[in-house]
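Understanding the architecture of this molecule
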Amino acid sequence: MNADSKNLNQSIIKAFSVLDAFTDDKKEWGVRELATKTGYNKSTVYRLLSTLVSLNVVQQNDNEKYQLGSKLFELGNRVSIYKSLRNLTNTPIQKVALEIQETVLLGILKEQQVFHINKADSLQGLKISTSIGSYAPINGSAIGKLLLAFASPETQEDFLNSVTLKSFTKNTITSTSKFKEELLLIQQQKFALDVEESELGLVCIAIPIYNNKGKVIAGISASGPSSRFKMENVSSYIQILQKGANTIEQHLSDFDSL
């Protein structure tokens, strides 16, 4: 926690920890299992859920489990910037996914993580679990490594000084010195690779998206199974991704950041 953490409302922090447990893979929770998930005691979780129910932030089902309520949908629709970005980028990333025949993601740096603002699924049948609005660790993501490589030296140092490089597979870079070398390589080659670093059997390549001032404001990536995603085809993957990036850059040229 930072120096101002003593001024933060712990009940709100706990409430959001509870809300973060609700995902596409786990949409319903009972009090006991949610207490186990969050590490809070049952009475605390029950009290938080009761308050959230009264605000329509969560709702209780007939089976006495809880799921997210309509209030979050209402609030989410007010976040117009990301909705607009999705509208602006839907067509180009879908065209890339169609041509490259892999799942395509569009991401930005946010809160020292990768924030996925759009996605086009592969037509080849491979479903990547990453969803729009989800976060991913920087060192386990091609987009994350790419965006950090082109971030300011201050942003890089802040990240390396405050975030632990966690291991997700045997290929994940967890050494700070090796990670710095990786960032330098990405700067030179202007693309990033995730070769089974976030998930075994999954390969990803990412390239930058620039604004009209030459600043990298986002990254676009293609992800596919290692059995189909061959390293000798990297240059052709980059060419296809670049087509989408060029179109997106036209739409986002005036953005200083996303």
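Residues numbered from 1 in each chain as written. Predicted model: local features only at pLDDT ≥ 70, side-chain atom pairs only at ≥ 80, totals over all residues. Heavy atoms only, no water.

1. Focus on the sheet that holds strand S6 (residues 192–195)
- On the basis of which strands lie adjacent, the open sheet formed by 6 strands has the order S5-S4-S3-S8-S7-S6 and antiparallel pairing. Of all strands in the sheet, those bounded by a partner on one side alone are strand S5 (135–136) and S6.
- As paired strands, strand S4 (residues 113–120) and S5 are joined by 2 bridges and run antiparallel to one another. Paired with Phe 115 across the two strands is Tyr 135, which belongs to S5.
- Sitting on the sheet, helix H9 (residues 234–251) is in contact with strand S3 (103–110), S6, strand S7 (202–210) and strand S8 (216–225), with an inclination near 40° to S7. (Pairing = 2+ DSSP bridges. Helix = DSSP H or I, 4+ residues; strand = E, 2+ residues; numbered from the N terminus. Contact = heavy atoms within 4.5 Å. Axes fitted to C-alpha atoms, helices over the stretch in contact; angles between N-to-C directions.)

2. Some thoughts on the nonpolar core
- Counting 31 residues, the largest nonpolar core has Ile 100, Val 104, Ile 205, Ile 209, Ile 220 and Leu 241 as the members making the most contacts within it.
- Residue assignment for this core shows that the elements contributing at least two residues are helix H5 (80–100), S3, S4, S7, S8 and H9.
- When residues in this core are grouped by element, the largest group, 7 residues, is from H9.
- Ignoring anything within four residues of it in the chain, the contact list for Ile 205 reads Ala 142, Phe 191, Ala 192, Leu 193, Ile 220, Ser 221, Ala 222, Phe 229, Val 234, Tyr 237, Ile 238 and Leu 241.
- Judged by nonpolar contacts, the second largest core, of 21 residues, contains Val 114, Ile 138, Ala 192 and Ala 206. (Core = buried A, V, L, I, M, F, W, Y, C linked by side-chain atoms within 4.5 Å. Buried < 20%, exposed > 50% of the residue type's maximum accessible area, 1.4 Å probe, protein only.)

3. Details of the pairing of S4
- Of all the 8 residues making up S4, 7 are buried; the element is thus mostly covered by neighbouring parts of the structure.
- Of the pairings in the sheet, the one linking S3 to S4 comprises 7 bridges and is antiparallel in character. Across the sheet, Lys 110 pairs through a bridge with Gln 113, a residue of S4.
- Here S3 hands over to S4 after 2 residues, with Glu 111 in that stretch at a positive phi of 55°.

4. Looking at the packing of helix H7 (residues 153–162) against helix H8 (residues 176–189)
- Look at H7 against H8: their axes get within 12 Å of each other, and the N-to-C directions meet at 155°. Taken as axis vectors, H7 and H8 run roughly antiparallel relative to one another. Note that H7 runs across H8; the crossing there is right-handed. Packed against H7, whose contacting residues are Gln 156, Glu 157, Phe 159 and Leu 160, the element H8 presents Thr 176, Phe 179, Lys 180, Leu 183 and Gln 187 at the interface.
- Of the residues that constitute the contact of H7 with H8, the class distribution is 4 nonpolar, 3 polar and 2 charged. (Parallel < 35°, antiparallel > 145°, perpendicular 65-115°, else oblique. Left-handed = near helix turned anticlockwise from the far one by under 90°. Nonpolar A, V, L, I, M, F, W, Y, C, P; charged D, E, K, R; others polar.)

5. Concerning H7
- Within the sequence span of H7, burial applies to Gln 156, Phe 159 and Leu 160. Along the axis of H7, the buried positions cluster into a sector of 90°, meaning they face one direction only. Set apart from the buried face of H7 by more than 90 degrees, the exposed residues are Glu 154 and Asn 161.
- In this fold, the buried residues of H7 make contact with helix H6 (142–149) and H8. (Arc of directions from axis to C-beta.)

6. Remarks on the layout of surface pockets
- Looking at the second largest pocket, its volume works out to about 380 Å³.
- Along the walls of the second largest pocket sit 21 residues, with Leu 109, Lys 110, Leu 147, Ala 151 and Thr 155 positioned nearest its centre.
- Mapped by element, the contributors of at least two residues to the lining of the second largest pocket are S3, H6, H7 and S8.
- Among the residues making up the lining of the second largest pocket, the classes are represented as 12 nonpolar, 4 polar and 5 charged. (1 Å grid on protein atoms, 1.4 Å probe; cavity = no way out; pocket = protein on both sides within 12 Å on 5 of 7 lines; lining within 4 Å. Points joined across faces, edges and corners; volume = space filled by probe spheres on them.)

7. Re the UniProt feature "domain: HTH iclR-type" (unreviewed entry) in the protein
- UniProt's entry tags residues 9–70 with the feature "domain: HTH iclR-type" (unreviewed entry), counted in the numbering of this structure.
- Its end C-alpha atoms 24 Å apart, residues 9–70 is made of 53% helix and 10% strand. (UniProt positions renumbered as here; feature names shortened; annotations may be inferred.)

8. Quick word on unusual backbone geometry
- Even without being a glycine, Gln 101 presents a positive backbone phi close to 60°.
- Even without glycine at this site, Gln 112 takes up a positive phi of about 60°.
- For Gln 112, a relative accessible area of 36% translates into the label partly exposed.

9. Some details on the side chain of His 116
- Tracing the chain through its elements places His 116 in strand S4.
- You can call His 116 buried: its relative accessible area is 4%.
- Not counting the four nearest positions on each side in its chain, His 116 is found in contact with Leu 105, Leu 106, Gly 107, Thr 130, Ser 131, Ile 132, Gly 133, Ser 134, Tyr 135 and Ala 136.

10. Remarks on the pairing of S6
- Taken together, the 4 bridges between S6 and S7 define a ladder with antiparallel strand orientation. Note that in S7 the partner of Leu 193 across the bridge is Ile 205.
- Count of turn residues in the S6/S7 antiparallel hairpin: 6 residues, of which Glu 196 carries a positive phi of about 55°.

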